[in-house]
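# Topology and contacts: notes
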Amino acid sequence: MKKYLLPSLMISLVFIIICSVLYPLLIAGIAKFAPGAGKGETLSVNGKVVGYANVGQKFTDDKYFWSRPSAAGYNAAGSSGSNKGPSNPDYLTDVKAHIDTFLAHNPTVKKEDIPADLVTYSGSGLDPDISPAAAYIQIDRIAAARKISKDSITALVDANIQKPLLNSLGTARVNVLKLNIALDELK
């Protein structure tokens, strides 16, 4: 038994040092080269920070693009998904409520045309992005609320679509906060 105990303790100690000290230091060092130097990429308007690029925010005004629903209430301190499966009655009630709210504010849209990301929770509850389809389907509402041409807003969405990494890894997406900041700057 002694012949196995010492090597087991040594291996455990080595992995504790690797996983608890070296790996976090490596990740913190890499983060220094990321936008915001590991503190998050803030977005500012007129010198005032209005949010973080990688944290979803709630937009409910008809003149803005809406984000994905958040199971965490858009609280970055308590991010989480709903942990409810697609057959859970509570989850289905939430999705139906999101659909009904969306349809009430977007009368030109048919229920079957609503992209799933506008009515379902993301895994983190703080997804800052929506699909291009989710952005395009909101253009009629925003154009009417702002009295701006649909073509101008469509061009704005087109300009804010982020392509997948290397055009193949991931999906195209639109950052809602960046899009709404650009929308406010649109004349």
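It should be noted that the structure appears before, not after, this text.
Below or above, wherever it landed, is the structure these notes cover. (Residues numbered from 1 in each chain as written. Predicted model: local features only at pLDDT ≥ 70, side-chain atom pairs only at ≥ 80, totals over all residues. Heavy atoms only, no water.)

Take the overall build of the chain next. Within the chain one finds 6 helices and 5 strands. In the chain, the succession of helices and strands from N to C terminus is α-β-β-α-β-α-α-α-β-β-α. Taken over the C-alpha atoms alone, the chain extends approximately 80 × 45 × 30 Å along its principal axes. Counting over 187 residues, the chain shows a buried share of 31%. In the chain, of all internal contacts separated by at least 6 residues, the share reaching a separation of at least 24 is 58%. Split by element, the accessible area of the chain, about 11,800 Å² in all, is 61% carbon and sulfur. In the chain, which carries 20 positive and 16 negative side-chain charges, the distance between the mean positions of the two groups comes to 9 Å. (Helix = DSSP H or I, 4+ residues; strand = E, 2+ residues; numbered from the N terminus. Buried < 20%, exposed > 50% of the residue type's maximum accessible area, 1.4 Å probe, protein only. Contact = heavy atoms within 4.5 Å. Areas by Shrake-Rupley, 256 points an atom, 1.4 Å probe, with all protein chains shown as cover. Lys, Arg positive; Asp, Glu negative; His and termini not counted. Charge placed at Lys NZ, Arg CZ, Asp CG, Glu CD.)

Moving on to a nonpolar patch on the surface. There is a patch of nonpolar side chains on the surface, built from Leu6, Met10, Ile11, Leu13, Val14, Phe15, Ile17, Ile18, Val21, Leu22 and Leu25 and spanning about 1,000 Å² of accessible area. Along the chain, isoleucine 11 falls in helix α1 (residues 2-31). (Patch = residues over 30% accessible without salt bridge, like charges linked within 9 Å, V, L, I, M, F, W, Y side chains within 5 Å. Salt bridge = Lys/Arg side-chain N within 4 Å of Asp/Glu carboxyl O.)

A few words on the packing of helix α5 (residues 150-160) against helix α6 (residues 176-185). Where α5 contacts α6, the two axes come as close as 10 Å, and the packing angle between them is 140 degrees. Considered as vectors, α5 and α6 are oriented oblique to each other. Where α5 crosses over α6, the handedness of that crossing is right-handed. Contact residues: Ile153, Leu156, Val157 and Asn160 in α5; Lys178, Leu179, Ala182 and Leu183 in α6. Classifying every residue of the contact of α5 with α6 gives 6 nonpolar, 1 polar and 1 charged. (Axes fitted to C-alpha atoms, helices over the stretch in contact; angles between N-to-C directions. Parallel < 35°, antiparallel > 145°, perpendicular 65-115°, else oblique. Left-handed = near helix turned anticlockwise from the far one by under 90°. Nonpolar A, V, L, I, M, F, W, Y, C, P; charged D, E, K, R; others polar.)

Glancing now at the pattern of salt bridges. Summed over all chains, the structure comprises 7 salt bridges. The shortest N-O distance in the salt bridge between arginine 68 and aspartate 127 comes to 3.7 Å. With arginine 68 in the loop between β2 (48-52) and α2 (89-105) and aspartate 127 in the loop between α2 and β3 (129-130), this residue pair connects regions lying 59 residues apart in the sequence. Classification of arginine 68 by relative accessible area gives buried; the value is 16%. Across the pair arginine 146 and aspartate 184 runs a salt bridge, and its minimum N-O distance is 2.8 Å. You can see arginine 146 sitting in helix α4 (residues 139-146) and its partner aspartate 184 sitting in helix α6, a full 38 residues away along the chain. The class for aspartate 184 is partly exposed, based on a relative accessible area of 38%.

A separate point is the packing of aromatic side chains. Applying the stated criterion across every chain yields a total of 3 aromatic pairs. Between phenylalanine 59 and tyrosine 64, the aromatic rings sit 5.7 Å apart at their centres with planes inclined by 45 degrees, giving tilted as the arrangement. Accessibility expressed as a relative area gives 16% for tyrosine 64, which makes it buried. The interplanar angle of 55 degrees and the centroid separation of 6.2 Å between the aromatic rings of tyrosine 91 and tyrosine 121 together place this pair among those described as tilted. Of this pair, tyrosine 91 sits in helix α2 while tyrosine 121 sits in the loop between α2 and β3, placing them 30 residues apart in sequence. Overall, tyrosine 91 belongs to the buried group, its relative accessible area being 12%. Residue tyrosine 121 is classed as buried on the basis of its relative accessible area, which comes to 17%. (Phe/Tyr/Trp six-rings, centres within 6.5 Å; stacked < 30°, edge-to-face > 60°.)

This part covers the pairing of β2. Of the strand pairs in this sheet, strand β1 (residues 42-45) and β2 are connected by 4 bridges, and their pairing is antiparallel. Note that in β2 the partner of valine 45 across the bridge is lysine 48. (Pairing = 2+ DSSP bridges.)

These figures come from the coordinates and say nothing about function on their own.
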